[in-house]
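Geometric and topological summary
Below, each chain spelled out in residue letters.
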Amino acid sequence: MDTTAQRPITIAILAMGGEGGGVLAEWIVDAAEHAGFIAQMTSVPGVAQRTGATNYYVELFPKLGARSNALPPVLGLTPVPGDVDVVIASELMEAGRAVQRGLVTPNRTTFIVSTNRVYSMTERIAMADGRADSAALLEGCKSAAKTIIHGDLAQLAEATGSVISAVLFGALAGSKVLPMQRMAFEAAIHRGGVGVKQSIAAFGAGYAAAEGGPQPVKAEAAVIAHISPTLAPLMAETGSAAEPARMFMRLGIEKLADYQDAAYARDYLDRLKPIAETDKRHGNGSGMLLAEVARELALGMAYEDTVRVAELKIRPSRFERVRAEVQAADGQIVEIAEFLHPRVQEIADTLPASTGRWLLNTGWARRFVERLTKSGRVVKTSSIRGFLQLYAIAALKPKRRRSLRYANEQAFLHEWLRTIQTVAATNYALATEIATARTLVKGYSDTHERGRRSYDMLMQMLPRIMEMPDPAAALAALRKAALADDTGTALGLAIKDIRPLPQAAE
Amino acid sequence: MAERSFRDEVEKLKLGDGAEFHGEGILAVTKALLQSGVSYVAGYQGAPISHLMDVLADANEILEGLGVHFENSASEATAAATLAASVNYPLRGAVTFKSTVGTNVASDALANLASGGVTGGALIIIGEDYGEGSSIMQERVHAFAMKSQMWLLDPRPNLPSIVNAVEMSFELSEASNTPVMLMLRIRACHVYGRFTAKANKRPEFGLADALENPRRDLSRIAMPPMTYIHEKDKWEKRWPDAVKFVEDRRLNEFFDGDANDIGIVMQGGLYNTTIRALMLNKLADAFGDSKIPLYVMNVTYPLVDKEFVRFCAGKKAILIVEEGQPDYIEQAVNTILRRADIQTRVYGKDVLPMAGEYTGGVVRDGIRKFIEKTRPDLLPAGAPISDAPLKQRESKAAALVATDVHGRPPSFCTGCPERPIFAAMKLVERELGPHHVSADIGCHLFSIFPPFNVGATTMGYGLGAAGASALNVKAGKRAIAMMGDGGFWHNGLTSGVGNAVFNKSDNVLIIVDNGYSAATGGQDIPSSFHPHASRGTQNSIEKAVRGVGVTWAKTIDHTYDVALMRDTLREALTTEEEGPKVIIAHSECMLNKQRRMRPLWRKAADRGERVVRERFGVDADTCTGDHSCIRLSGCPSLTIAPNPDPLRREPVTKVINSCVGCGLCGEVSHAAVLCPSFYRATLITNPSGWDIFKDRIRTAVIGFFQRRIERRLAAA
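Note on numbering: residues in each chain are counted from 1, in written sequence order. As they are written, the chains are lettered A onward and the ligands numbered 1 onward, keeping that order. It should be noted that, the model being predicted, local features are given only for residues of pLDDT at least 70 and side-chain atom pairs only at 80 or more, the latter also being counted only at that level, while totals for whole chains, interfaces and linings use all residues.

A tally of helices and strands in chain B yields 24 helices and 24 strands. In chain B, the proportion of contacts linking residues at least 24 apart, taken out of those at least 6 apart, comes to 79%. In this text, helices come from DSSP runs of H or I with a minimum length of four residues, and strands from runs of E with a minimum of two, each type numbered from the N-terminal end. Any residue pair is listed as a contact if its two C-beta atoms, each placed from the backbone, are within 7 Å.

Given below as structure tokens:
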């Protein structure tokens with residue numbers, strides 16, 4: 001006789017505070033008790049309720065045979081690696097955590113995973129792209145599980161106006177791993193009595209997803225749908241470039257025509273021409289240098305000045321986007337207010353170059369404007385007054401090419417392109433890296449200044465970097481260091497590391 | 001009003017004889033108290049027994065109906081001292097708090113209580129906050145039981161056993177004149193199960209009887225020479241009485257097994273885990289039928305020597321499954337067996353880990369090692385659990401996720417009023433450089449994690465200011481101390497503020513006044529903003545600090561005003577004025593505010609009333625993906641999203657719809673001069689006639705200009 005034959009069904013739920021993991025566990029217990037199971041559930045909330053990871057653990061034991069009637073089974077309070085039948089994760093990184101904890105094992109576990117991402121603090125506070133590798137996480141989940149059901153269940157919840165716990169409950173039912181009928185699950189939702197209609201809809205969506213039903217499709221990456229006749233000849237000139245340079249060039253043309261005018265887009269192409277030739281002469285056929293310059297040059301030429309910001313804020317498409325983003329229903333009025341804090345620098349930047357320089361260099365005038373711009377302003381774009389203020393600033397667009405900022409930015413880009421050209425002749429990879437390094441210069445005010453400082457430091461290090469065994473990698477490492485913190489500590493250390501000590505220089 | 005309401009569930013407390021109770025562990029404990037004829041209950045909230053306090057608060061009417069008095073104690077020391085009512089009177093009383101932090105605070109009162117001894121049953125329900133999900137340092141309550149000589153019950157984690165343990169505790173306490181501690185682990189507190197109820201019992205002797213017929217007994221007061229007598233009495237009388245009671249009433253349980261030359265001894269609380277571990281080693285079935293004899297200690301202090309001698313008879317080895325360190329029980333068992341000259345080998349922390357939670361996997365592996373050493377013949381041949389290809393898949397999976405799973409430490413909720421305090425602190429840091437920050441216990445301690453990374457030490461609840469007290473010399477910078485309103489009333493007013501006044505400290509203290517004991521689940525405190533039927537709320541913190549002698553005190557009524565917060569903090573750090581500088585940052589806990597207001601807004605909207613909701617957003621086309629705004633906030637609603645511009649690689653910042661429009665994003669982008677991407681959207685549901693009129697005019701005028709813009713764009 002095998003005394004260990006009868007065992008409970010074990011279910012672990014990994015969620016985050018506020019996602020309704022507790023409700024899901026209660027539904028499972030309720031459905032199971034009505035289906036003749038002895039159910040036990042426990043949880044570890046604690047401070048994890050405050051946005052941290054939480055987990056719930058449920059055990060179900062069939063109330064079959066005389067034995068379980070007389071003597072209750074001893075049910076566990078913690079999931080044991082290798083002994084978990086179902087693991088439900090409400091988010092992809094939490095799914096990864098379940099794998100890491102060994103709860104998901106190929107001998108046993110049905111793994112229900114919502115692939116949506118709730119970004120961790122580490123990912124969110126990165127100065128550039130600090131996101132975890134979703135593909136690796138999902139691959140890990142697939143490798144660990146006996147059976148996996150995955151999909152963006154959060155999107156299904158949103159589509160059905162419900163919460164993810166109901167979709168997960170549906171997916172659990174649809175996985176058919178528990179010996180209960182669909183109706184038994186749904187009855188638990190009905191007995192719960194809260195938000196029944198939406199929960200049932202979400203349950204249905206989850207059930208269908210588990211059965212391999214169609215999943216919602218994410219919007220495709222932007223493609224240029226319509227080309228205006230003015231830009232057609234410019235677009236035609238990109239034909240000879242290899243991908244992805246060609247795509248970037250086309251996007252650049254469109255961006256700059258929108259930013260200024262077709263002539264500005266023409267300038268863009270003209271500046272790329274010598275780079276394209278250099279790429280052909282010194283490149284390895286990949287066209288990477290041209291691609292990186294095409295991408296960065298477009299961003300550099302479309303620098304974010306007050307005119308650009310004002311123009312983007314008042315567009316009709318933007319009003320529609322805000323309504324969609326805040327999920328305004330018909331009949332609801334939406335008012336929009338901007339938080340702007342122009343300083344004397346931004347004002348000078350917008351003025352004609354000579355006037356701007358005068359303002360920055362004339363003590364009393366500068367102090368006067370500084371006093372006026374000490375605190376930030378809230379501009380209500382949806383009011384006539386606020387709208388017209390921004391409209392007036394946006395109207396300065398035709399005069400942009402005479403502004404101080406324009407002069408400064410063009411000088412900067414000119415120098416950057418010259419450096420790339422010079423370096424490309426001897427080191428193609430390093431030139432490509434220099435092209436990418438411009439990415440450090442972004443944002444507004446302090447952020448922009450910090451980025452520019454970091455970029456300048458990298459460029460100052462170029463002669464030294466070129467003496468190193470792998471200059472491109474060295475520059476890339478410095479760029480990453482510049483993005484490691486916003487105090488410049490990591491970059492300072494990285495530079496110290498490669499700067500030769502006096503005696504070592506001999 | 002607490003975060004979680006038990007208003008419906010407390011109806012189960014009325015169940016009578018023979019009815020089946022279904023519910024959570026802590027609710028079962030409450031029912032057991034009522035079945036035991038308890039006269040008074042008190043406590044201080046804290047995981048994992050916060051919900052026990054919430055249940056009691058929500059059950060106040062039922063308690064009053066039974067003549068049971070319930071108090072929200074000011075601290076665990078207050079709670080423990082409350083048990084003084086059971087010293088001279090035949091009153092059964094119970095108090096509850098989390099351990100070991102609560103026990104630390106309570107230990108003065110507990111030591112006095114245990115020295116003099118009790119007449120009525122005195123029960124301390126301990127939420128043992130140990131292992132996964134714990135929020136405190138990892139220590140054992142066992143040490144407190146030993147040092148003051150209180151009995152410690154650690155029942156099997158199922159509702160019938162827990163309920164029985166509560167009832168037995170009162171009897172044990174009365175039989176041995178000793179307070180009894182009943183410890184419940186986190187998962188046992190939250191375990192859902194069932195038991196057969198008994199009728200509630202009204203106390204025979206009430207609190208009013210005590211007040212009207214006061215009694216005293218000098219021999220029970222902890223003062224020399226009585227304390228010398230107490231010490232002897234503890235050993236000569238109370239201990240043997242307790243041991244006899246435990247034996248006679250069979251509080252510990254024995255289960256036979258075929259392999260009777262070995263045995264396993266465990267704390268009752270680890271019974272289920274041990275059975276599962278045996279089951280996974282194919283040594284027990286799901287009903288607890290084990291091949292190896294088991295000794296389940298539902299009472300872990302005192303140990304019953306005779307039971308050990310009996311259990312070890314004929315056994316070559318036993319395994320002790322004892323969670324946490326030091327291994328008090330294992331050491332004691334070795335002493336017992338040596339004294340009795342019994343040669344049974346004691347295994348324990350040599351096959352199980354010394355530290356850390358005893359989860360199923362840990363105990364499974366420990367038991368396997370024990371069996372391998374003592375009875376390898378009991379183990380099935382070959383690899384027991386999984387084979388090589390499966391193992392390979394597991395390790396491949398682990399390697400794939402290794403670098404991409406980040407920790408998720410707790411952080412401030414969406415719209416939390418404490419976040420702007422730390423955003424302001426970061427801005428002041430840019431001007432004046434970093435300062436020493438002494439942190440406290442409470443939600444504000446989340447500042448130690450990214451993105452704020454603020455706070456050097458935390459010495460205990462309400463001890464933020466005390467933690468900075470040595471740093472009280474003339475220097476170029478002052479220390480900043482944090483304290484919550486919960487900690488302030490718990491002890492911070494005296495240990496921190498009074499101490500700083502008395503010692504002429506120049507430091508700065510920020511008191512976070514959010515209206516609740518927020519971190520423990522939103523319980524009310526003396527300075528809660530709203531009037532309360534049965535508690536005295538709305539007491540001003542500023543008045544209290546001025547009352548103990550603070551002269552520089554400022555209350556900020558809207559913490560979201562980051563510029564004001566920054567300027568006030570700067571002033572506190574630089575003012576010439578002597579003595580402690582106290583800033584009271586007063587804004588309601590957003591979690592509780594939303595819980596309170598959301599249903600009201602929904603109802604108003606359904607009634608067709610004008611409802612205004614604000615939320616923030618980010619324009620993806622002006623956001624350059626630097627995320628400075630997130631580094632000054634960390635709000636869960638402020639996250640990132642793929643950049644819609646294919647030319648850019650950095651994800652953009654995005655505000656998700658859980659935003660409550662607290663205003664911090666706008667304030668921060670102003671105060672820190674960040675970027676113009678933030679906008680505030682005001683959504684008006686059921687707009688008034690005036691709203692609609694205004695909107696029409698605006699749409700007409702703005703629409704005119706927008707059409708011009710569109711034409712120009714199309715022409716380009």
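The parts lose accessible area when they come together, and the size of an interface is often stated as this lost area. By convention here, the domain bounds are inherited from an automatic or database domain assignment. Along its sequence, chain A is carved into domain 1 (9-210) and domain 2 (306-405). Just the C-alpha atoms count here: the centres of domain 1 of chain A and domain 2 of chain A sit 48 Å apart.

Right, let's talk about the packing of helix H14 (residues 306-314) of chain A against helix H19 (residues 384-394) of chain A for a bit. Residues and elements named next belong to chain A. Axis angles are defined between N-to-C directions and span 0 to 180 degrees, where every axis is a line fitted to C-alpha atoms and, for a helix, only to the segment in contact. The N-to-C vectors of H14 and H19 enclose an angle of 135 degrees; their axes lie 8 Å apart at closest approach. As far as their axial angle goes, H19 and H14 are oblique. H19 is crossed by H14, and the crossing has left-handed handedness. Counting all contacts with H14, which are made through Thr 306, Val 307, Ala 310, Glu 311, Lys 313 and Ile 314, the residues of H19 involved are Phe 387, Leu 390, Tyr 391, Ile 393 and Ala 394. For classification, angles of less than 35 degrees are called roughly parallel, those exceeding 145 degrees roughly antiparallel, those between 65 and 115 degrees roughly perpendicular, and all remaining angles oblique. Here is the rule for handedness: rotate from the far helix to the near one, and if that takes an anticlockwise turn smaller than a right angle the crossing is left-handed, while a clockwise turn gives right-handed.

So, about the sheet that holds strand E24 (residues 678-685) of chain B. Two pairing modes exist for strands in a sheet, parallel and antiparallel, and in both the strands are linked by backbone hydrogen bonds. Here, a strand pair is defined by DSSP locating no fewer than two bridges between the strands. Strand order in the open sheet made by the four strands is E8(A)-E7(A)-E24(B)-E21(B), with antiparallel pairing throughout. Two strands bound the open sheet, and with one partner strand each, they are strand E8 (377-380) of chain A together with strand E21 (611-618) of chain B. Strand-to-strand, the axes of this sheet are offset by a mean angle of 25 degrees, without reference to chain direction. Across four bridges, the pairing between strand E7 (residues 333-340) of chain A and E8(A) is antiparallel. Each bridged residue has a counterpart across the sheet, and for Leu340(A) the counterpart in E8(A) is Arg377(A).

Right, let's get into the pairing of strand E11 (residues 294-297) of chain B. Side-chain positions along a regular strand alternate between the two faces of the sheet. Residue and element names in this part refer to chain B. Where strand E9 (residues 253-255) meets E11, three bridges bridge the pair, whose relative direction is antiparallel. Note that in E11 the partner of Phe 255 across the bridge is Leu 294. Two strands pair when backbone bridges link them, and strand E10 (residues 262-267) and E11 are joined in this way by four bridges, in the parallel orientation. Bridged to Ile 264 within E11 is Leu 294.

In this section: the packing of helix H17 (residues 419-432) of chain B against helix H23 (residues 664-671) of chain B. When two helices pack together, their arrangement is given by the angle between their axes and by how far apart the axes lie. Residue and element names in this part refer to chain B. Where H17 contacts H23, the two axes come as close as 11 Å, and the packing angle between them is 10 degrees. One way to sum up the angle between H17 and H23 is to call them roughly parallel. Residues Arg 419, Pro 420, Ala 423 and Leu 427 of H17 touch H23, and the partners they reach there are Leu 664, Glu 667, Val 668 and Ala 671. Residues are grouped as follows: Ala, Val, Leu, Ile, Met, Phe, Trp, Tyr, Cys and Pro are nonpolar; Asp, Glu, Lys and Arg are charged; all remaining types, including Gly, are polar. Of the residues contributing to the contact of H17 with H23, the split by class is six nonpolar, no polar and two charged.

With that settled, consider the confidence of the model for chain A. Across the chain, each position has a pLDDT score giving the predictor's confidence in that residue, from 0 to 100. In this model, chain A carries a mean pLDDT of 91, and residues with pLDDT of at least 70 account for 92%. Across chain A, element-level confidence peaks in strand E4 (residues 86-89) of chain A with a mean pLDDT of 98 and bottoms out in helix H2 (residues 65-70) of chain A with 58.

Each turn of an α-helix holds 3.6 residues, which means side chains three or four residues apart point in the same direction. All names here are of chain B. Under the convention used throughout, the expected extent of a helix is 1.5 Å for every residue step, that is, one less than its residue count. Compared with the 26 Å implied by 1.5 Å per residue over 18 residues, the 21 Å span of helix H18 (residues 485-502) between its first and last C-alpha is markedly short. The angle between axes fitted to the seven-residue stretch ending at a residue and the seven-residue stretch beginning at it gives the bend at that residue. Along H18, the sharpest kink reaches roughly 90 degrees, centred on Gly 492. Listed as buried for H18 are Asp 485, Gly 486, Gly 487, Phe 488, His 490, Gly 492, Leu 493, Ser 495, Gly 496, Val 497 and Ala 500. On the buried face of H18, the contacting elements are strand E17 (480-484), strand E18 (508-513), helix H19 (541-547) and strand E20 (581-586). Directly beyond the C-terminal end of H18, a positive phi value near 50 degrees is found at Lys 504. Put simply, a residue is buried when 20 or more other C-beta atoms lie within 10 Å of its own C-beta and exposed when 12 or fewer do; between those, it is partly exposed, and each C-beta is set from the backbone.

A few words on the interface of chain B and chain A. Contacts between chain B and chain A engage 101 residues on the former and 112 residues on the latter. The biggest single contributor to the side of chain B that touches chain A is helix H24 (residues 689-715) of chain B, with nine residues. Classifying every residue of the side of chain B that touches chain A gives 47 nonpolar, 29 polar and 25 charged. The sheet contact formed by E7(A) and E24(B) spans six bridges and is antiparallel.

Turning next to the nonpolar core. Nonpolar side chains in soluble globular proteins generally cluster together in the buried interior. With 360 residues, the main nonpolar core has Val87(A), Trp151(B), Met181(B) and Leu182(B) as its most contacted residues. A per-element tally of this core places helix H13 (residues 288-301) of chain A first, with 10 residues. If we skip the residues at most four places from it in the chain, Val87(A) touches Ala12(A), Leu14(A), Ala98(A), Leu103(A), Val104(A), Thr109(A) and Phe111(A). Buried Ala, Val, Leu, Ile, Met, Phe, Trp, Tyr and Cys residues whose C-beta atoms connect them within 7 Å together make up a nonpolar core.

Turning our eyes to something else, we now look at helix H5 (residues 134-144) of chain A. If you check which residues of H5(A) are buried, you get Leu137(A), Gly140(A), Cys141(A), Ser143(A) and Ala144(A). Looking straight down H5(A), one finds that the buried residues subtend no more than 165 degrees of arc, so they occupy a single side. In the core, the buried residues of H5(A) are packed alongside helix H3 (92-100), strand E5 (110-114) and strand E6 (147-151) of chain A together with helix H16 (388-401) of chain B. An arc is given here, and it is the one of the directions from the helix axis to the C-beta atoms.

A word on unusual backbone geometry. All names here are of chain B. Look at the link from Pro 224 to Pro 225: it is a cis peptide, with omega at 10 degrees. Tracing the sequence through the fold places Pro 225 in the loop between helix H10 (207-212) and helix H11 (226-248). At the junction of Pro 450 and Pro 451, the peptide bond is cis and its omega measures out at 10 degrees in the coordinates. Looking at the secondary structure, you find Pro 451 in the loop between strand E15 (437-439) and strand E16 (457-458). One non-glycine residue, Arg 250, adopts positive backbone phi at about 50 degrees. As for its placement among the helices and strands, Arg 250 is situated in the loop between H11 and E9. On the neighbour-count criterion, Arg 250 (10 C-beta atoms within 10 Å) is exposed.

Residues and elements named next belong to chain B. Note on placement: Ala 242 falls in helix H11. Residues Ala 242 and Glu 171, 71 residues apart in the sequence, show an inter-C-alpha distance of 10.0 Å. If we skip the residues at most four places from it in the chain, Ala 242 touches Trp 151, Leu 172, Ser 176, Thr 178 and Pro 302.

Moving on, we come to the domain arrangement of chain B. All names here are of chain B. For chain B, the assigned domains read domain 1 (15-248), domain 2 (253-378), domain 3 (419-592) and domain 4 (610-685). Inter-centroid distance (C-alpha atoms) of domain 3 to domain 4 is 28 Å. Contacts between the two partners involve 13 residues from domain 3 and, on the opposite side, 14 residues from domain 4. When contributions to the side of domain 3 that touches domain 4 are tallied by element, the ones reaching two or more residues are H17 and helix H20 (562-574). Here the side of domain 3 that touches domain 4 takes five residues from H17, the largest share from any one element. Split into classes, the residues belonging to the side of domain 3 that touches domain 4 amount to nine nonpolar, no polar and four charged.

All names here are of chain A. The buried count for E5 comes to five of five residues, which makes it a mostly enclosed element. Residue alternation in E5 divides its side chains into two sets, Thr 110, Ile 112 and Ser 114 and Phe 111 and Val 113, and both sets are buried. Look down the strands so they point away from you; if the path from the first strand over the helix to the second goes clockwise, the crossover is right-handed. Viewed along the sheet, the connection from E4 through H3 into E5 turns out right-handed. Taken together, the five bridges between E5 and E6 define a ladder with parallel strand orientation. Along E6, the bridge assignment pairs Thr 110 with Thr 147.

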